[in-house]
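Below, each chain spelled out in residue letters.
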Amino acid sequence: MLKDAPINLLDYDRQGLEALFLEMGEQRFRASQAMKWIYSEQQLDFAAFSNFSKTLRAQLADDYIAQVPDMISEKVSKDGTVKWLLKVDDVNAVETVYIPEKNRGTLCVSSQVGCTLNCTFCATGAQGFNRHLTTAEIIAQVWVAAKQLGHTAQDRKITNIVMMGMGEPLANYKNVLPALNIMRDDFGFGFANKRVTVSTAGLVPYINQLNQDADVSLAISLHAPYDELRNQLVPLNKKYNIATLLDSCKNFVQNKRKARITIEYTLIDGMNDLPEHAHALGKLLKQLPTKINLIPFNPFPGTAFKQSKPQNIERFKEICMKHGLITTVRKTRGDDIDAACGQLAGDFMDRTRRSATIKKIPLGVVA
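Please read these numbers as outputs of a predicted model, since none were measured by experiment.

Novice: Would you explain the nonpolar core in this entry?
Specialist: Nonpolar side chains in soluble globular proteins tend to be buried together. In terms of nonpolar packing, the biggest core is built from 105 residues, with Leu60, Met183 and Leu210 touching the most fellow members. Residue contributions to this core peak at 10 residues, all from helix H5 (residues 135-149). In this structure Leu210 touches Leu170, Tyr173, Leu180, Val198, Val216, Leu218 and Phe252, once residues within four positions along its chain are discounted.

Structure (structure tokens):
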């Protein structure tokens, strides 16, 4: 069967591959075998699939591919953080970041070429948007990182996956969901559900859908304790306000033992880092099982924002903790290679023209 463009097997989770092999006249178990070759053995050459017949291997070679993006660059920070720039087509490239720590290794994965949202403190948002990544382009980031790091089932260099790279994951739900399935599948990368986290700025309908479709952890990019301020920082809030967002979060953790929502809060000097903001946040989250991750703002070219002063960050943390909230400050990692939170920009053609007119909101406090 001839096709205009070969189908990439990395675009399918196990259920999708089972349907594909059934269509080829093969048994369902070929799907798990193929996944084991691709993800466990990190083998993309169908000729090496030794438990497939020669006929099946030839058919796969004729009609399908198993392909990952080419690596343009690999940069290693002085703190051990690694950033890869991966070419996804002729004009676009995305960034993937690995953050090693003493007892864990976190891989930050991108979901879009740019971002559909326009959060004012984020380099990716300022760069504009080109397109969604395919499932293959999403899961291939894990594949490439695993290959580069020497990650295996016996030597797990990557312990956690966070969908916190370039893009809004839930805006690309159709392609992100199969990638999440592959990450957690025993024949894929085999990550525990709780070790795969999806971060969103607050696409409420898809939070509700994700709750039904995938048992993963959820992180919310909140960044403000009330609507007027959040409207400035996260424009999506005008469509799904804080109350609506937190209702969906409560539903997400309902009946999930020990589940907590991670609240991401970027601290910007003079904008959202004052004591009144911390107190308001404490009151807002008192009924929701959460852990707060305070993120010092990481500057990027063209922004008017500045990072909060160390004493203000510590004061904010102390106030949140007095409200009984688990609160940590994220250590800035990889900023010397522009791999820190909010700094990922990739290399792509901006179809929105947003990058030509970066909006600079005047600094000030909205009470």
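Novice: What exactly am I supposed to notice about the pairing of strand S10 (residues 196-200) here?
Specialist: Each regular strand carries side chains that alternate between the two faces of the sheet. Counting buried positions along S10 yields 5 of 5 residues, so the element is predominantly enclosed. Here S10 shows no split at all, with Val196, Val198 and Thr200 on one side and Thr197 and Ser199 on the other all buried. The pairing of strand S9 (residues 160-163) with S10 spans 3 bridges and is classified as parallel. Bridge assignment links Val162 to a residue of S10, and that residue is Thr197. Following the backbone out of S9, through helix H6 (residues 173-184) and into the adjacent parallel S10, one traces a crossover that is right-handed. Strand direction decides the pairing type here: S10 and strand S11 (residues 217-221), joined by 4 bridges, are parallel. Its bridge partner being in S11, Val198 is matched across the sheet by Leu218. What joins S10 to S11 is helix H7 (residues 204-213), and the crossover it makes is right-handed.

Novice: Honestly, the pattern of salt bridges in this entry has me stumped. Any pointers?
Specialist: Pairing between side chains of opposite charge can happen when their charged atoms approach one another. Across all of its chains, the model carries 10 salt bridges by this definition. The partner of Glu18 in a salt bridge is Arg28, with the nearest N and O atoms 3.7 Å apart. Taken together, the positions of Glu18 in helix H1 (residues 14-23) and Arg28 in the loop between H1 and helix H2 (29-40) put the pair 10 residues apart, joining distant regions of the chain. A residue is classified by how much of its surface remains accessible, and Arg28, at 49% relative accessible area, is partly exposed.

Novice: Just checking my understanding: could you explain the side chain of Ser111 for this structure?
Specialist: If you trace the backbone, Ser111 turns up in the loop between strand S6 (105-108) and strand S7 (112-114). Non-local contacts of Ser111, meaning those with residues more than four positions away in its chain, are made with His132, Leu133, Ile138, Met163, Met166, Gly167, Glu168, Pro169, Asn172 and Val176.

Novice: Can you help me understand the environment of Asn193 in this one?
Specialist: For Asn193, the position within the fold is in the loop between H6 and S10. Residue classification places Asn193 among the partly exposed residues on the basis of a relative accessible area of 30%. In this structure the C-alpha to C-alpha distance between Asn193 and Ser217, which are 24 residues apart in sequence, comes to 7.1 Å. Apart from residues lying up to four places away in sequence, Asn193 is in contact with Arg184, Asp215, Val216 and Ser217. Reaching out from Asn193, the side chain makes a polar contact with the side chain of Arg184 at a distance of 3.0 Å. Within the structure, Asn193 has its side chain in polar contact with the side chain of Asp215 (distance 3.3 Å).

Novice: Help me understand the packing of H5 against H6, please; the structure alone is not making it clear to me.
Specialist: Angle between the axes and distance between the axes are the two parameters that describe a pair of packed helices. It is at 8 Å that the axes of H5 and H6 come closest, and there the two elements cross at 35°. Two packed elements cross with a definite hand, and for H5 against H6 that hand is right-handed. Across the interface between the two elements, Thr135, Ile138, Ile139 and Val142 of H5 pack against Lys174, Asn175, Val176, Pro178, Ala179, Ile182 and Met183 of H6. When its residues are assigned to classes, the contact of H5 with H6 shows 8 nonpolar, 2 polar and 1 charged.

Novice: It is not clear to me how helix H9 (residues 242-253) should be interpreted in this structure. Could you clarify?
Specialist: Count 3.6 residues to each turn of an α-helix, and residues three or four apart come out pointing the same way. With 12 residues, H9 extends 17 Å between its outermost C-alpha atoms, agreeing within 8% with the 16 Å of an ideal straight helix rising 1.5 Å per residue. What H9 keeps buried is the set Ile242, Leu245, Leu246, Ser248, Cys249, Phe252 and Val253. Along H9, the residues classed as buried sweep out an arc of 155° about the axis, all on the same side. One or two steps after H9, the chain reaches Asn255, where phi turns positive at roughly 65°.

Novice: Even after reading the chapter, I still don't get the packing of H6 against H7, so can you show me in this structure?
Specialist: Look at H6 against H7: their axes get within 12 Å of each other, and the N-to-C directions meet at 30°. It follows that H6 is roughly parallel to H7 by the angle criterion. Between H6 and H7 the crossing geometry is right-handed. Together, Tyr173, Leu177 and Leu180 of H6 and Tyr206, Gln209, Leu210 and Asp213 of H7 make up the contact between the two elements. The residue makeup of the contact of H6 with H7, split by class, is 5 nonpolar, 1 polar and 1 charged.

The rules we used
- In this convention, every chain numbers its residues from 1, walking through the sequence in written order.
- Two thresholds apply to this predicted model, a pLDDT of at least 70 for residue-level local features and 80 or more for giving and counting side-chain atom pairs, whereas whole-chain, interface and lining totals are computed over all residues.
- Based on all heavy atoms of the structure, the side-chain values leave hydrogens and waters out of the count.
- By nonpolar core we mean a set of buried residues, namely Ala, Val, Leu, Ile, Met, Phe, Trp, Tyr and Cys, connected to one another through side-chain atoms within 4.5 Å.
- Burial classification: accessible surface area is computed with a 1.4 Å probe over protein chains only, and a residue below 20% of its type maximum counts as buried, one above 50% as exposed, and the rest as partly exposed.
- Helix and strand definitions follow DSSP, with helices as H or I runs of at least four residues and strands as E runs of at least two, each counted in order from the N terminus.
- A contact between two residues is defined here by any heavy atoms of the two lying within 4.5 Å.
- Pairing between strands is defined by DSSP: at least two bridges between them are needed.
- A clockwise path from the first strand over the helix to the second, with the strands pointing away from the viewer, defines a right-handed crossover.
- A carboxyl oxygen of Asp or Glu within 4 Å of a side-chain nitrogen of Lys or Arg is what we treat as a salt bridge.
- By the criterion applied in these results, polar contacts are pairs of N or O atoms within 3.5 Å in which, for protein atoms, one can donate a hydrogen and the other can accept it, and in which residues neighboring in sequence qualify only through two side-chain atoms.
- The angle between two axes is taken between their N-to-C directions and runs from 0 to 180 degrees, where each axis is a line fitted to C-alpha atoms and a helix contributes only its stretch in contact.
- With the far helix as reference, a near helix turned anticlockwise by less than a right angle produces a left-handed crossing, and one turned clockwise produces a right-handed crossing.
- Polar here means any residue outside two lists: the nonpolar Ala, Val, Leu, Ile, Met, Phe, Trp, Tyr, Cys and Pro, and the charged Asp, Glu, Lys and Arg; Gly therefore counts as polar.
- Expected span of a helix: the number of residues minus one, times 1.5 Å.
- Summarising the geometry, the arc corresponds to the directions from the helix axis toward the C-beta atoms.
- Any angle between 65 and 115 degrees counts as roughly perpendicular, while under 35 counts as roughly parallel, over 145 as roughly antiparallel, and the rest as oblique.

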